[in-house]
Amino acid sequence: MKKGLAPIFNQDTSILVLGSSPSEQSLKKQQYYGNNGNQFWKILFNYYNVPFETDYNKRVTFLLDHHIGLWDVYHLFERNGSLDTSFKTVELNDFSQILTQADIKLIITNGKKAYDEVINNQLFPQIKIAPCISTSGAANGQMEKRKMQWEEALGMVDKEFY
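Keep in mind that what you see is a predicted model, and the values were worked out from it rather than measured. By convention here, each chain's residues receive numbers from 1 onward along its written sequence. Selection of residues for local features in this predicted model requires a pLDDT of at least 70, selection of side-chain atom pairs for listing and counting requires 80 or more, and totals for whole chains, interfaces and linings are taken over all residues. Excluding hydrogens and water, the side-chain figures rest on all heavy atoms present in the structure.

1. Let's talk about helix α3 (residues 56–65)
Any residue under 20% of the maximum accessible area for its type is buried, any over 50% is exposed, and the rest in between are partly exposed; the area is computed with a 1.4 Å probe on protein chains only. For helices the rule is a DSSP run of H or I covering at least 4 residues; for strands it is a run of E covering at least 2, with both sets numbered from the N terminus onward. Tyr56, Arg59, Val60, Phe62 and Leu63 are the residues of α3 that are buried. Angular distribution of buried residues about the axis of α3 spans 155°; they occupy a single face of the element. In α3, the exposed positions that point more than 90 degrees away from the buried face belong to Asn57, Lys58 and Asp65. Contacts from the buried residues of α3 go to α2 (40–47) and β3 (68–72). Two or three places before asparagine 57, at the opening of α3, aspartate 55 has a side-chain oxygen 3.2 Å from that residue's backbone nitrogen. Looking one or two residues beyond α3, the residue adopting positive phi is histidine 67, at roughly 65°. As used here, the arc belongs to the directions running from the helix axis to the C-beta atoms. Whether two residues are in contact is decided by their heavy atoms: any pair within 4.5 Å suffices. For this analysis, a polar contact is any N or O atom pair within 3.5 Å, provided that within protein one partner can donate a hydrogen and the other can accept it, and provided that sequence-adjacent residues contribute only side-chain to side-chain pairs.

What follows is the structure in structure tokens.
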């Protein structure tokens, strides 16, 4: 079984982006969305209209400055490759630490697998869930629709919570 990455958040985090689990490249780098084909970082930097940053520590600071946290639904998992359709065995993360230390107002699910797990396991019954098309390279054929969903989800936060 492979182990996911530690969560990124602080007490000011109000938005939690949840994927399913890190890709093989992300695990190797020990960085969220470490595969260069993944559009996550580009989408966020573009939305906030700031210059794209490649330094991972600066990316993390950017997230926290914008009240955004990152994690995955799976703590442990067995999977061939990086596709969400390849999971064999999974164990969910325990979200109690984040929920007690931060006032999470919105969960943005990055991909169908993450959304399905959040809904099927009723992980956040009192928190608004915004499903978005995966930012992985596998979904790059849906670039425009994905961009619109992410902009809508992030815009919801700006309008409803700040």
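2. Looking at the sheet that holds strand β2 (residues 15–19)
Either a parallel or an antiparallel arrangement is found when strands of a sheet pair, and the pairing is made through backbone hydrogen bonds. In short, DSSP must find at least two bridges between two strands for them to pair. If you trace the four strands from one edge of the open sheet to the other, you get β3-β2-β6-β7, paired in parallel fashion. For this open sheet the edge positions go to β3 and β7 (128–132), each flanked by a neighbour on one side alone. Here the average twist between neighbouring strands, direction ignored, is 25°. Judged from the five bridges that link them, strand β6 (residues 106–110) and β7 form a sheet pairing that is parallel. Residue pairing across strands places isoleucine 107 opposite isoleucine 129, the latter belonging to β7. All axes here are fitted lines through C-alpha atoms, helices being fitted over the stretch that makes contact, and every angle between N-to-C directions spans 0 to 180 degrees.

3. Observations concerning helix α5 (residues 112–120)
Turning to α5, its buried residues are Ala114, Glu117 and Val118. Take α5 and look down its axis: the buried residues cluster within an arc of 100°, on one side only. Residues of α5 that are exposed and point more than 90 degrees away from the buried face comprise Lys112 and Asn120. The first or second residue beyond α5 is glutamine 122, which carries a positive phi of 45°.

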